[in-house]
Amino acid sequence: MTDTYAKQLALVIDLNTCVGCHACVTSCKSWNTSGWAGPLTDENPYDKDPTGVFFNRVQTYEAGTFPHTETVHFPKSCLHCEDPPCVPVCPTKATYKREEDGIVVVDYDKCIGCKYCSWACPYGARELDENEGVMKKCTLCVDRIYDTDLPEADRKPACVLACPPGARLFGDITDPDSEVSIAIREEGGYQLMPEWGAKPSNHYLPKRKTKRVIHDDELVRADNPLKKEGPLPKADEKSPSLDDVTSW
Amino acid sequence: MRPAFSVIFLTTLIGAGQGLFLALIAGQFYWVIGATPAQEAANFYALGSLLSLCLLSTGLFSSFFHLAHPERAWRSAAAWRTSWLSREVIVLPLVMGLLVVYGGLHWLDWHPVLMTFGNMKDLDLSMAVGYLGAGAVIMLFVCTAMIYACMKFIQEWASPVTVLNFTLMGSASGFVLVTAYAGIMGSPLWDFYAGGALALTVLALFGRLASLLRNRMLKPMSSVQTAIGVRHRNLRQITRGFTAGAFNLKEFFHPGNPSLLPLLTGFYVTAAFAVPILLMAVGWQLQSTALFGLAFVVQYAGLVAERWMFFAEARHPQNLYYQKVA
Ligand code: SF4
Ligand code: SF4
């Protein structure tokens with residue numbers, strides 16, 4: 001943990017819950033194209049060869065051999081690395097990591113569009129906006145998470161709010177009691193490509209097998225000694241009674 | 001990686017320019033220590049510096065096409081503490097500045113003696129500037145190559161061999177050019193340069209073969225498994241999540257036909273090294289400046305192809321995320 005950062009905001013994405021609906025992709029694009037980071041330009045959106053800038057994309061993988069396969073939906077955006085290789089390489093210091101919350105952002109007024117930072121990101125999380133000539137990437141919705149005009153519950157990244165099954169958690173991973181830290185700790189949260197030492201802050205929760213063992217006796221009614229419907233037999237005299245005086 | 005021609009021309013042109021500057025300094029040193037008694041041709045260093053300056057400026061000019069906001073290029077010196085790109089941006093003008101001073105001193109024929117050594121040899125101002133220039137040239141080679149070599153997850157680049165090769169290839173092409181130039185100027189240093197050009201080209205060939213071999217033996221550290229963190233032997237992407245184009249699909253993949261890449265490798269090994277070596281060996285025997293001129297042109301074409309392949313060979317781990325359309 002780099003101790004120069006007061007905290008480290010991050011996403012924790014539960015691959016066991018994600019259904020691959022792309023709601024996070026569209027809500028991200030919608031919020032960010034209209035705000036501080038926007039526009040996220042599209043070229044030829046309704047034409048041949050459309051292309052455009054996204055901060056967040058959902059991909060799908062398959063493990064195993066048919067018919068024994070498992071589908072993994074995998075959302076990917078900037079991981080706001082704790083040791084981000086994209087930051088030191090930027091010649092203009094346009095890319096930097098915010099000291100107050102560890103979010104990695106690009107200053108669009110300084111970026112010269114040299115693309116060097118995108119080479120330096122092993123995760124392909126940065127996309128050049130060819131229209132504006134600057135590098136763009138996920139800002140963790142830095143323009144809404146601190147917006148006091150919004151109700152407290154809405155001060156979260158757009159993707160987190162949009163996710164229908166609630167597969168995306170957001171919080172400070174340096175706080176051991178935060179929802180995200182607990183999820184990482186207790187549900188096996190892991191980082192992508194740890195081999196490059198970038199220490200991504202975003203974590204993923206693995207696919208889990210949900211198993212329930214049902215024993216045979218649970219399938220038959222065991223609470224009716226008569227094995228059929230009918231009035232219960234009367235208790236004998238010695239059986240305990242409710243008032244200790246009267247008997248059945 | 002996608003080979004960008006702006007960067008290809010930048011690195012090959014400044015490489016040749018740096019090599020030429022280095023050759024002029026080496027020539028002057030060779031002459032100063034008295035290895036050749038003959039008088040140096042008039043304006044040899046001044047015009048040579050001008051030629052080198054032309055190469056460096058053309059390279060610099062070409063680099064601007066790489067930037068989406070060239071008008072902000074001045075900002076790129078800011079991160080010299082951490083970024084090799086920033087360092088290159090600082091050292092390139094430094095080399096050009098020293099080159100102007102070096103050429104200028106020779107043009108004005110102004111050689112004030114700075115100090116005299118015990119063996120009665122003098123260190124004059126132009127030679128002193130030359131030493132500084134040589135240092136700056138080496139620094140520039142290191143900066144340019146480290147831009148690539150410092151990317152540890154682009155395993156094809158992350159090696160000291162990258163730095164060695166940028167230095168050797170640039171120096172070789174500068175020395176080949178200076179031999180042709182020395183022939184035209186009638187410089188007594190011709191044989192010195194011819195030998196240097198031949199030796200450097202042979203060394204550069206070995207360096208490049210070493211990196212080819214190294215790349216062939218590389219085992220990728222990342223896989224689809226580590227990319228998404230699912231440890232299953234049989235794991236594949238079904239969809240990258242979109243059918244449209246994206247920056248990630250352009251910047252990190254080369255546009256070449258994979259089956260033609262070995263041909264291109266064969267081409268540059270031949271054109272950048274084998275043919276020039278042959279031309280120079282014959283040219284040296286025949287004392288033919290024309291053959292060295294031809295060797296430079298062929299070698300430059302080969303080096304452009306080499307630089308193209310340098311990018312095309314590099315496999316970026318982000319490509320693991322962008323394999324399938326569906
Ligand atoms: S995921 Fe890439 S862009 Fe984001 S902080 Fe890490 S290295 Fe930088
Ligand atoms: S593209 Fe912009 S943010 Fe990225 S390294 Fe270049 S100047 Fe920095």
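This text goes with the structure placed above it.
Because the structure is predicted, anything quoted here is derived from the model rather than measured. (Residues numbered from 1 in each chain as written. Chains lettered and ligands numbered in written order. Predicted model: local features only at pLDDT ≥ 70, side-chain atom pairs only at ≥ 80, totals over all residues. Heavy atoms only, no water.)

Q: Looking at this structure, I do not really get the packing of helix α1 (residues 5–32) of chain B against helix α10 (residues 289–313) of chain B. What am I missing?
A: Helix packing for two helices is described by the angle between their axes and how far apart those axes are. Residues and elements named next belong to chain B. Look at α1 against α10: their axes get within 10 Å of each other, and the N-to-C directions meet at 135°. By the criterion of interaxial angle, the relationship of α1 to α10 is oblique. As for how α1 packs across α10, the hand of that crossing is right-handed. Residues F5, V7, I8, F9, T11, T12, L13 and A16 of α1 form the contact with α10, whose own contacting residues are F296, Y300, L303, V304, R307, W308 and F311. Across the contact of α1 with α10, the residue classes break down as 12 nonpolar, 2 polar and 1 charged. (Axes fitted to C-alpha atoms, helices over the stretch in contact; angles between N-to-C directions. Helix = DSSP H or I, 4+ residues; strand = E, 2+ residues; numbered from the N terminus. Parallel < 35°, antiparallel > 145°, perpendicular 65-115°, else oblique. Left-handed = near helix turned anticlockwise from the far one by under 90°. Contact = heavy atoms within 4.5 Å. Nonpolar A, V, L, I, M, F, W, Y, C, P; charged D, E, K, R; others polar.)

Q: Would you take a moment to explain the nonpolar core for this structure?
A: Generally speaking, nonpolar side chains in soluble globular proteins are found buried as a group. Core analysis: the largest hydrophobic core is formed by 157 residues, its most contacted members being W157(B) and Y321(B). Per element, the largest residue contribution to this core is 14 residues, and it comes from helix α4 (residues 125–149) of chain B. Among all residues touching Y321(B), those that are not within four sequence positions of it are Q59(A), Y61(A), F74(A), K76(A), P122(A), Y123(A), L192(A), M193(A), A227(B), I228(B), Q237(B) and R240(B). L169(A), V180(A), A183(A) and L205(A) belong to the second largest nonpolar core, which has 8 residues in total. (Core = buried A, V, L, I, M, F, W, Y, C linked by side-chain atoms within 4.5 Å. Buried < 20%, exposed > 50% of the residue type's maximum accessible area, 1.4 Å probe, protein only.)

Q: Even after reading the chapter, I still don't get the sheet that holds strand β1 (residues 9–14) of chain A, so can you show me in this structure?
A: Within a beta sheet, neighbouring strands are joined by backbone hydrogen bonds and run either parallel or antiparallel to one another. Residue and element names in this part refer to chain A. In space, the 3 strands of this open sheet follow the order β10-β1-β11, with mixed pairing throughout. Of all strands in the sheet, those bounded by a partner on one side alone are β10 (168–172) and β11 (203–205). Taking each pair of neighbouring strands and ignoring which way they run, the sheet shows an average axis angle of 25°. Alignment of β1 against β10, held across 5 bridges, turns out to be antiparallel. Among the inter-strand pairings, I13 is bridged to a residue of β10, identified as R168. Helix α5 (residues 179–186) contacts β1, β10 and β11 of the sheet and is inclined by roughly 115° relative to β10. (Pairing = 2+ DSSP bridges.)

Q: What is the right way to look at the site of ligand 2 in this model?
A: The immediate surroundings of ligand 2 are formed by C90(A), P91(A), T92(A), T95(A), V106(A), C111(A), I112(A), G113(A), C114(A), K115(A), C117(A) and M135(A). For the shell around ligand 2, the class distribution of residues is 8 nonpolar, 3 polar and 1 charged. (Near = heavy atom within 4 Å.)

Q: Before we go on, may I ask you to explain the interface of chain B and chain A in this structure?
A: By a widely used convention, the size of an interface equals the accessible area lost when the partners come together. Listed by partner, the interface residues are 60 residues for chain B and 54 residues for chain A. In total, about 4,700 Å² of surface goes out of reach between chain B and chain A, with carbon and sulfur atoms giving 59% of it. For the chain B face of the interface with chain A, the top three residues by lost area are I228(B), F247(B) and Y321(B), together amounting to 14%. Remark: the boundary between chain B and chain A carries 3 salt bridges. Residue E130(A) is joined to K250(B) by a salt bridge in which the shortest nitrogen-to-oxygen separation is 2.9 Å. (Buried area = accessible area lost by both parts, 1.4 Å probe. Salt bridge = Lys/Arg side-chain N within 4 Å of Asp/Glu carboxyl O.)

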